[in-house]
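Coordinate inspection notes
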Amino acid sequence: MNNKPTAIVIGGGQTLGAFLSKGLADAGYRVAVADLNGDNAERVAAEINAAHGAGSAAGFAADATNEAAVDELAAAVDRTFGRSDLLLYSAGVAKASPIWDFPLKDFQRSLDVNLTGYFLCARAFARLMIRDGIHGRIIEINSKSGKVGSKYNAGYSAAKFGAVGLTQSLALDLADKGITVNALMLGNLLKSPMFQSLIPEYAKKLGIPEDQVEQTYIDKVPLKRGCDYQDVLNVLLFYASDKASYCTGQSINITGGQVMF
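Rules and cut-offs
- Residues numbered from 1 in each chain as written.
- Predicted model: local features only at pLDDT ≥ 70, side-chain atom pairs only at ≥ 80, totals over all residues.
- Heavy atoms only, no water.
- Domains from an automatic or database assignment.
- Contact = heavy atoms within 4.5 Å.
- Buried area = accessible area lost by both parts, 1.4 Å probe.
- Salt bridge = Lys/Arg side-chain N within 4 Å of Asp/Glu carboxyl O.
- Polar contact = N/O pair within 3.5 Å; in protein donor to acceptor, adjacent residues only side chain to side chain.
- Nonpolar A, V, L, I, M, F, W, Y, C, P; charged D, E, K, R; others polar.
- Pairing = 2+ DSSP bridges.
- Helix = DSSP H or I, 4+ residues; strand = E, 2+ residues; numbered from the N terminus.
- Axes fitted to C-alpha atoms, helices over the stretch in contact; angles between N-to-C directions.
- Buried < 20%, exposed > 50% of the residue type's maximum accessible area, 1.4 Å probe, protein only.
- Disulfide = S-S within 2.5 Å.
- Expected span 1.5 Å × (residues − 1).
- Left-handed = near helix turned anticlockwise from the far one by under 90°.

1. Concerning the domain arrangement of the chain
For the chain, the assigned domains read domain 1 (6-187 + 227-254) and domain 2 (190-226). Taking only C-alpha atoms, the centre of domain 1 and the centre of domain 2 are 25 Å apart. On the side of domain 2, 10 residues touch domain 1, which itself brings 15 residues to the contact. Here domain 1 and domain 2 share an interface that buries about 980 Å² over both sides, 58% of which is from carbon and sulfur atoms. Ranking the residues of domain 1 by area buried against domain 2 places Ala-96, Tyr-152 and Cys-227 at the top, with a combined share of 36%. Linking domain 1 with domain 2 are two salt bridges. With its nearest N and O atoms 3.4 Å apart, the salt bridge here joins Asp-228 to Arg-225. Taken together, domain 1 and domain 2 are joined by four residue pairs in polar contact (both at pLDDT 80 or more). Among the residues making up the side of domain 1 that touches domain 2, the classes are represented as eight nonpolar, four polar and three charged.

This is how it looks when you write it as structure tokens:
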């Protein structure tokens, strides 16, 4: 059996998740790239295999909000790699709207993807870590909206606040198993498709032209720039490492100083 550690990246088929999947491969992990879009997952896995050799990655189609699909994903990853060392939950969705126009289906979808999916994946892969006695890592990609409310983002912020509580509870459940659980609270990923898709709504919210939205958000950050994918990877690699073995249940800000608690 290959003893290289295996990372499972939920939502690894595009944008930030794809970047983090490749960064984990560069750091020596075999990577199970899981995504709702299986073609995207397989494409990212193929790129990793081209860079690091056959067997370095595999792509999986999976709906993180579906209990049976998550359990089958865990079984498939187990068959393919034989071990699970790091679960990175990077799936996310946001729909912006003022509360008086906020559709229930959008609110529920945010809870399903940002919170319920995290629970289902953490449960499934924690079982494998416990079975094998692996002192693993569970890390959730969260947001500053999980610490401070976000105007016109009731669904996203509510789900992300919930995920902070889930992170702390999982950390308590798994502490005596040697498994740590932490959340990364990201600032605005200004160049991400998610942020870009929200620009029209943000422009309306702020009463400014769309081409001024990015700069307006930059101006709110003490370090005067948005959050880059590399910023996230840098902190992720630390919390995945043995150097962070005494850290669990934490919600770590990567916000350029915009949020400091």
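2. Observations regarding the sheet that holds strand β7 (residues 251-254)
Strand order in this open sheet of seven strands is β3-β2-β1-β4-β5-β6-β7, and the pairing throughout is parallel. Strand pairing shows two members of the sheet lacking a second neighbour, β3 (57-61) and β7, which therefore form its edges. This sheet shows a mean twist of 20 degrees between the axes of neighbouring strands, independent of strand direction. Of the pairings in the sheet, the one linking strand β6 (residues 180-186) to β7 comprises four bridges and is parallel in character. By the bridge assignment for β7, Leu-184 is matched with Ile-252. Here helix α5 (residues 154-174) sits on the sheet in contact with β5 (137-143), β6 and β7, set at roughly 160 degrees to β5.

3. So, unusual backbone geometry
You will see that Thr-15, though not glycine, has its phi angle at about 45 degrees, which is positive. Checked against the element boundaries, Thr-15 lands in helix α1 (residues 15-26). Looking at Thr-15, the relative accessible area reads 34%, which means it is partly exposed. Of note in the backbone geometry, Tyr-152 takes a positive phi value of approximately 65 degrees without being a glycine.

4. Topic: the state of the cysteines
Following the criterion strictly, the structure yields zero disulfides and no others. Cys-247 supplies the cysteine sulfur nearest to Cys-227, a cysteine that is in no disulfide, at a spacing of 19 Å.

5. Brief notes about the environment of Ser-169
By the secondary structure assignment, Ser-169 is in helix α5. Under the relative-accessibility criterion, Ser-169 is labelled partly exposed at 38%. Expressed as a C-alpha distance, the spacing of Ser-169 and Leu-237, which sit 68 residues apart in the sequence, is 22 Å.

6. With respect to α1
Relative to the 16 Å expected for 12 residues at 1.5 Å per residue, α1 spans 17 Å between its end C-alpha atoms, a close match to the ideal helical length. One or two steps after α1, the chain reaches Gly-28, where phi turns positive at roughly 105 degrees.

7. Re the packing of helix α3 (residues 67-81) against helix α4 (residues 104-132)
The N-to-C vectors of α3 and α4 enclose an angle of 35 degrees; their axes lie 9 Å apart at closest approach. Pair α3 / α4 crosses with right-handed handedness. Residues Glu-67, Val-70, Asp-71, Leu-73, Ala-74, Val-77 and Asp-78 of α3 form the contact with α4, whose participating residues are Leu-120, Cys-121, Arg-123, Ala-124, Phe-125, Arg-127, Leu-128 and Arg-131. Among the residues forming the contact of α3 with α4, the class breakdown is nine nonpolar, no polar and six charged.

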